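Architecture and fold: a report
Here are the chains, one letter per residue:
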Amino acid sequence: MTDRIDTEKKVLLLPPPTIQGKSEFFDMVGVSEAMRQVFKKVAMYAQSDAPVLVTGETGAGKEGIASSIHKLSKRANGPFITMNCSAITDTLFESELFGHEKGSFTGAIKSHKGRFERANGGTLFLDELGDLPPLSQAKLLRALETSTIERVGSETPIKVDVRVIAATNHNLEKESLIGSFRSDLFYRLSALHIHVPPLRERIEDIEPLIQHFIGLLNKKYGRNVACLTKDAIHLLSQYRWPGNVRELRNLIERLFAENQTDVIGLRSLTDWFQERQIAAQYAMDQEYHDVIIPPNRQPILLGHNNQNANTPNVVTLHTKGKNLTKKKIIDAYSLAGGNITEASRILGIHKATFYRTMHSLGLTREDLNLQPIE
């Protein structure tokens, strides 16, 4: 991807001078058409004061969407308060959301401001809204409709000026139809709706995300890592990313910890690749198809029909000695950095089997070494 193409996409997409020449839009990163549509909605919805419902898989970047809306809105100078609805017990949830008075329950040794009060004049981000207890759903709806709250142990209403942005990986529309989530709260929150597509559906965003995380981690660790090689990025573009952007960020931080070079190549992904293959096999054994494995039961590294002739195709390397081809042997050897013992482990075969297969396929060590290795 050239700088010229990057600039053209971003200028069409984003208001200069905020991110001109970059692939970043406030707390979001991407150049794909799917993310361009998300950016447009963020810019539009930031001008409103209505609640927003952000949906998407775990790790897709929903909090970044909420933060960007806040920073673009007239509330940007106010607080941005977050609350994870799944991380707090039912008994403490109401206190955390609305606050409590001293002595209102055992352990309430002083008055406490809830998230609504702390977000006054700003934005309240409710993550994992689908885990909100039914009673709290009713009280949240009342707070949204009246712009008032009551602390636990008090009957005095408190006026609040808060914009609510909620996020969930649940299908709240379906849950509202079957009665497991209040339909009136769903409709109150979903008038403005942004869906964040999973990373596997916008693979063109992987490279700018990698560069974004490299920049952040260079600052964090005082490093000067320049990039990942093209082969390494191509391998990552074949993965389904069940953990989405968060998983990618964690992998880049792992690569920082495991490598001291300024350019990180394909061989640095060997351990990660093997772990993913083990996870894929486990998922297939347990039939967790919807979680990790594509419907056609391919392994966890899923090709996208955009193979570069010089890049190893590591979609189906792990074969337990079956259906070995020249390409699989060469790809495993390249991925292992020229180490035949490691290449054998990747393929799930004994080292002696690797040599026998090489001989039967007419491959020599010199043939393997002629292949490009990052």
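Structure report, in brief. As a convention, each chain's residues are numbered from 1 in the sequence order in which they are written. Totals for whole chains, interfaces and linings use every residue, but because this is a predicted model, local features are given only for residues with pLDDT of at least 70 and side-chain atom pairs only at 80 or more, for both listing and counting. The basis for every side-chain value is the complete set of heavy atoms in the structure, and neither hydrogens nor water enter the calculation.

1. Things to note about the pairing of strand β5 (residues 123-127)
The buried label goes to any residue with under 20% of its type's maximum accessible area, the exposed label to any with over 50%, and the partly exposed label to all in between, with areas taken from a 1.4 Å probe on protein chains only. Numbering goes from the N terminus for both helices and strands, where a helix is a DSSP run of H or I of at least four residues and a strand is a run of E of at least two. Counted residue by residue, β5 has five buried out of five residues, so it is predominantly covered. Alternating positions in β5 separate into two faces, Thr123, Phe125 and Asp127 on one and Leu124 and Leu126 on the other, with burial throughout. By definition, two strands form a pair when at least two bridges between them are found by DSSP. Two strands pair when backbone bridges link them, and strand β4 (residues 80-84) and β5 are joined in this way by five bridges, in the parallel orientation. When the sheet's bridge partners are listed, Ile81 is paired in β5 with Leu124.

2. Some points on the sheet that holds strand β9 (residues 192-195)
Here we have five strands laid out as an open sheet, ordered β4-β5-β8-β3-β9, and parallel in their pairing. Edge positions in the sheet fall to β4 and β9, since each has one partner strand and no second. Adjacent strand axes in the sheet meet at a mean angle of 20°, parallel and antiparallel pairs treated alike. Where β5 and strand β8 (residues 163-168) come together, four bridges link them in parallel fashion. From the neighbouring strand, Phe125 faces β8, where its bridge partner is Ile165. Sitting on the sheet, helix α2 (residues 33-45) touches β3 (52-55), β8 and β9, and the angle it makes with β9 is about 155°. Orientation is described by lines fitted to C-alpha atoms, with helices fitted over the stretch in contact, and by angles between N-to-C directions that extend from 0 to 180 degrees. Working rule for contacts: check all heavy atoms of both residues, and any pair within 4.5 Å makes them a contact.

3. Observations regarding the pattern of salt bridges
Side chains bearing opposite charge may pair, as long as their charged atoms lie close to each other. The term salt bridge refers to a pairing of a side-chain nitrogen on Lys or Arg with a carboxyl oxygen on Asp or Glu at a separation within 4 Å. Counted by the stated rule, this structure contains 14 salt bridges. Among the ionic pairs, Lys139 bridges to Glu94, the shortest N-O distance being 2.4 Å. Taken as a pair, Lys139 in helix α6 (residues 134-146) and Glu94 in helix α4 (residues 90-98) lie far apart in primary sequence, 45 residues in all.

4. Describing the packing of α4 against α6
Orientation of α4 relative to α6, taken along the N-to-C sense of each, is 15°, at an axis distance of 10 Å. Comparing their axes, α6 and α4 come out roughly parallel. Here α4 and α6 pass one another in a crossing that is right-handed. Contacts from Phe93, Glu94 and Phe98 of α4 reach α6 at Leu135, Ser136, Lys139, Leu140 and Ala143. An angle below 35 degrees is read as roughly parallel, one above 145 as roughly antiparallel, one from 65 to 115 as roughly perpendicular, and any other as oblique. A crossing counts as left-handed when the near helix is turned anticlockwise from the far one by less than a right angle, and as right-handed when that turn is clockwise.

5. Describing the nonpolar core
One recurring pattern in soluble globular proteins: nonpolar side chains tend to sit buried together. The biggest cluster of nonpolar side chains holds 43 residues, and the ones touching the most others in it are Leu228, Leu236, Leu248 and Ile252. Secondary structure elements with two or more residues in this core: α9 (206-221), α10 (230-237), α11 (244-258), α12 (270-286), α13 (326-335), α14 (340-347) and α15 (351-360). Ignoring any residue separated from it by four or fewer positions in sequence, one finds Leu228 in contact with Ile210, Gln211, Ile214, Ile233, Leu236, Ile252, Leu255 and Ile264. Residues Cys85, Leu97, Leu129 and Val164 belong to the second largest nonpolar core, which totals 28 residues. Among buried residues, the Ala, Val, Leu, Ile, Met, Phe, Trp, Tyr and Cys ones that are joined through side-chain atoms within 4.5 Å form a nonpolar core.

6. What to know about the pairing of β9
Side-chain positions along a regular strand alternate between the two faces of the sheet. Side chains Leu192 and Ile194 project from β9 onto a buried face, and the interleaved His193 and His195 project onto a face without burial. Here β3 runs beside β9; their pairing, made up of four bridges, is parallel. What sits directly across from Leu53, in β9, is His193.

7. Section: unusual backbone geometry
A negative phi angle characterises most non-glycine residues, just as the trans form characterises most peptide bonds. Even without being glycine, Glu128 reaches a positive phi, approximately 55°. In this fold, Glu128 is placed in the loop between β5 and α6. The backbone of Asn244 shows a phi angle near 55°, a positive value even though the residue is not glycine. Examined against the element boundaries, Asn244 turns out to sit in helix α11.

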